[in-house]
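Observations on the three-dimensional arrangement
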Amino acid sequence: MGGSILPKNIQSLYNVLGSLERLEEYTWIIFTHELGHALDPNLAMLSEELSCTKNPDILYQIEVNAWNIAEELIPFIDQDLFFLIRNESLVYCTNRLLVS
């Protein structure tokens, strides 16, 4: 959707995680974020509204919804890492919306 959750290269991933030892946790976080989109009961309505209005706040809400659902799905993941990735993604989404 609107955020960027995939670093452009291995070095960027290493910079975010501090080491590649946390790659499995990172993978779980990304997977559950995408699953969050699929499980969002409001996604169809929000997507339609976004399509009609082009309101960037709606795109941001779609991303926040997916992150909120993801958080509930993986309570076993290090919350500091989860919120680091979530916040990076939402910052990217916000910056992209400001440029668009």
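Further up the page is the structure itself.
1. Regarding the nonpolar core
Nonpolar side chains in soluble globular proteins tend to end up buried together. Core analysis: the largest hydrophobic core is formed by 14 residues, its most contacted members being Tyr 26, Ile 29, Trp 67, Phe 82 and Ile 85. Elements with a minimum of two residues in this core: helix H1 (10-17), helix H2 (23-39), helix H4 (56-73) and helix H5 (79-99). Dropping the residues within four chain positions of it, Phe 82 is found in contact with Ile 29, Trp 67, Ala 70, Glu 71, Ile 74 and Ile 77.

2. Considerations on the pattern of salt bridges
Under the counting rule described, the total for this entry stands at two salt bridges. As a salt-bridge pair, Arg 22 and Asp 78 come within 2.5 Å of each other at their nearest N and O atoms. With a gap of 56 residues between them, Arg 22 in the loop between H1 and H2 and Asp 78 in the loop between H4 and H5 connect regions that are remote in the sequence. Under the relative-accessibility criterion, Arg 22 is labelled partly exposed at 24%. Through salt bridges with shared partners, a single ionic network connects Arg 22, Glu 25 and Asp 78.

3. Let's talk about the packing of H2 against H4
One can describe the packing of H2 onto H4 by two numbers: an axis separation of 7 Å at closest approach and a directional angle of 115 degrees. Note on packing geometry: the crossing formed by H2 with H4 is right-handed. Residues Ile 29, Thr 32, His 33, Leu 35, Gly 36, His 37 and Leu 39 of H2 pack against Ile 62, Glu 63, Ala 66, Trp 67, Ile 69, Ala 70 and Leu 73 of H4.

Definitions and cut-offs
Residues numbered from 1 in each chain as written. Predicted model: local features only at pLDDT ≥ 70, side-chain atom pairs only at ≥ 80, totals over all residues. Heavy atoms only, no water. Core = buried A, V, L, I, M, F, W, Y, C linked by side-chain atoms within 4.5 Å. Buried < 20%, exposed > 50% of the residue type's maximum accessible area, 1.4 Å probe, protein only. Helix = DSSP H or I, 4+ residues; strand = E, 2+ residues; numbered from the N terminus. Contact = heavy atoms within 4.5 Å. Salt bridge = Lys/Arg side-chain N within 4 Å of Asp/Glu carboxyl O. Axes fitted to C-alpha atoms, helices over the stretch in contact; angles between N-to-C directions. Left-handed = near helix turned anticlockwise from the far one by under 90°.

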